[in-house]
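Single-letter residue listing:
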Number of protein chains: 2
Amino acid sequence: MSAKPTPPTHLPDPQNVRDVLAYWIRLRRVEKEWSQERLALECELDRTYVSAVERSRWNVSLSNIERIAQALGVEPWTLLRPPEPEPKSRKRKAPAQA
Amino acid sequence: MSAKPTPPTHLPDPQNVRDVLAYWIRLRRVEKEWSQERLALECELDRTYVSAVERSRWNVSLSNIERIAQALGVEPWTLLRPPEPEPKSRKRKAPAQA
């Protein structure tokens with residue numbers, strides 16, 4: 001039934017904590033090649049809940065952030081930290097090319 | 001009415017996210033010399049709620065973590081990251097002494 005897991009297509013708004021959380025959960029889940037069903041099973045939450053969280057629809061509680069983090073094998077705080085911007089926006093000189 | 005704000009007396013259990021959150025909220029609040037009433041006012045939450053959070057009694061929601069972080073002027077993820085251990089527990093050779 002499940003489609004192949006696909007990573008987030010864009011970076012989250014760093015000011016929007018729900019979006020940041022949704023981004024990391026989806027990214028870490030896809031890195032494990034888990035479906036939402038699988039993640040839901042691993043953290044004993046409902047599949048529709050996991051789906052809602054990944055769509056920034058839910059005001060997740062700390063204990064559920066913890067459960068999801070544990071299932072994904074990461075520390076809870078890493079799921080709230082905005083990701084680094086794309087390389088193109090880093091202030092870094094491009095190497096000279098011939 | 002309020003007693004002078006006092007900082008946390010010990011480091012939180014780094015495995016316990018509620019304790020980590022409670023530690024940082026209290027520390028950051030005391031750095032601002034704010035009472036719990038003042039913090040509650042700043043983030044439009046109840047004083048008893050702030051008090052419960054600082055005693056690790058509450059399963060805080062993401063939106064309230066965000067409100068508290070905003071009032072304290074810090075990023076939400078910094079309130080969930082376990083603090084560095086005390087210098088004495090760092091793995092570092094003590095200088096030779098006579």
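The rules behind each value
- Residues numbered from 1 in each chain as written.
- Chains lettered and ligands numbered in written order.
- Predicted model: local features only at pLDDT ≥ 70, side-chain atom pairs only at ≥ 80, totals over all residues.
- Heavy atoms only, no water.
- Helix = DSSP H or I, 4+ residues; strand = E, 2+ residues; numbered from the N terminus.
- Buried < 20%, exposed > 50% of the residue type's maximum accessible area, 1.4 Å probe, protein only.
- Contact = heavy atoms within 4.5 Å.
- Areas by Shrake-Rupley, 256 points an atom, 1.4 Å probe, with all protein chains shown as cover.
- Buried area = accessible area lost by both parts, 1.4 Å probe.
- Polar contact = N/O pair within 3.5 Å; in protein donor to acceptor, adjacent residues only side chain to side chain.
- Nonpolar A, V, L, I, M, F, W, Y, C, P; charged D, E, K, R; others polar.
- Core = buried A, V, L, I, M, F, W, Y, C linked by side-chain atoms within 4.5 Å.
- Least-squares fit on C-alpha atoms with pLDDT ≥ 70 in both.
- Axes fitted to C-alpha atoms, helices over the stretch in contact; angles between N-to-C directions.
- Parallel < 35°, antiparallel > 145°, perpendicular 65-115°, else oblique.
- Left-handed = near helix turned anticlockwise from the far one by under 90°.

When helices and strands are tallied, chain A shows four helices and zero strands. Burial analysis of chain A (98 residues in total) assigns 41% to the buried set. Taking the intrachain contacts of chain A between residues at least 6 apart in sequence as the baseline, contacts between residues at least 24 apart amount to 56%. As presented, chain A carries roughly 6,500 Å² of accessible surface, and 49% of it is formed by carbon and sulfur atoms.

It is worth spelling out the interface of chain B and chain A at this point. The extent of an interface is frequently quoted as the accessible surface area lost upon association of the parts. The interface is formed by 17 residues belonging to chain B together with 17 residues belonging to chain A. Between chain B and chain A, roughly 1,500 Å² of surface is buried when both sides are summed, and carbon and sulfur atoms account for 70% of that area. By the criterion of area lost to chain A, the three top residues of chain B are Val17(B), Leu62(B) and Trp77(B), representing 41% of everything that side buries. One can count eight residue pairs in polar contact (both at pLDDT 80 or more) joining chain B with chain A. Every element with two or more residues in the side of chain B that touches chain A is listed here: α1 (17-31) and α4 (62-72) of chain B. Here the side of chain B that touches chain A takes four residues from α4(B), the largest share from any one element. Here the side of chain B that touches chain A is built from residues that sort into nine nonpolar, four polar and four charged.

Moving on, we get to the nonpolar core. With 50 residues, the main nonpolar core has Leu21(A), Ile25(A), Leu39(A), Leu21(B), Ile25(B) and Leu39(B) as its most contacted residues. Discounting chain neighbours no more than four positions away, the residues touching Leu21(A) are Val53(A), Val60(A), Ile65(A), Leu79(A), Leu80(A) and Leu62(B).

All names here are of chain A. One non-glycine residue with positive phi stands out, namely Ser56, at about 55 degrees. Structurally, Ser56 can be placed in the loop between α3 (47-54) and α4 (62-72). The exposure class of Ser56 is buried, given its relative accessible area of 19%.

It takes a turn of 180 degrees to lay chain B on chain A, together with a shift of 0.0 Å along the axis; the resulting RMSD is 0.0 Å. Taken together, the turn and the small shift mark the pair as related by a two-fold rotation axis. When C-alpha distances to the rotation axis are compared across chain B, the minimum falls at Ser61(B), with a value of 2.0 Å. Of the residues that chain B buries at the interface, 100% are likewise interface residues in chain A, meaning the two copies contact each other through the same surface.

So, on to α4(B). Within the sequence span of α4(B), burial applies to Leu62(B), Asn64(B), Ile65(B), Ile68(B), Ala69(B), Ala71(B) and Leu72(B). Contact partners of the buried residues in α4(B): α1 (17-31) and α4 of chain A together with α1, α2 (36-42) and α3 (47-54) of chain B. Of the residues trailing α4(B), Gly73(B) is marked for its positive phi of about 75 degrees.

Residue and element names in this part refer to chain A. Between α1 and α4, the shortest axis-to-axis distance is 10 Å and the interhelical angle comes to 25 degrees. Taken as axis vectors, α1 and α4 run roughly parallel relative to one another. For the element pair α1 and α4, the recorded crossing hand is left-handed. Residues Leu21, Ile25, Arg28 and Arg29 of α1 pack against Ile65, Ile68 and Leu72 of α4. Split into classes, the residues belonging to the contact of α1 with α4 amount to five nonpolar, no polar and two charged.

All we've got here are geometric facts, nothing functional implied.
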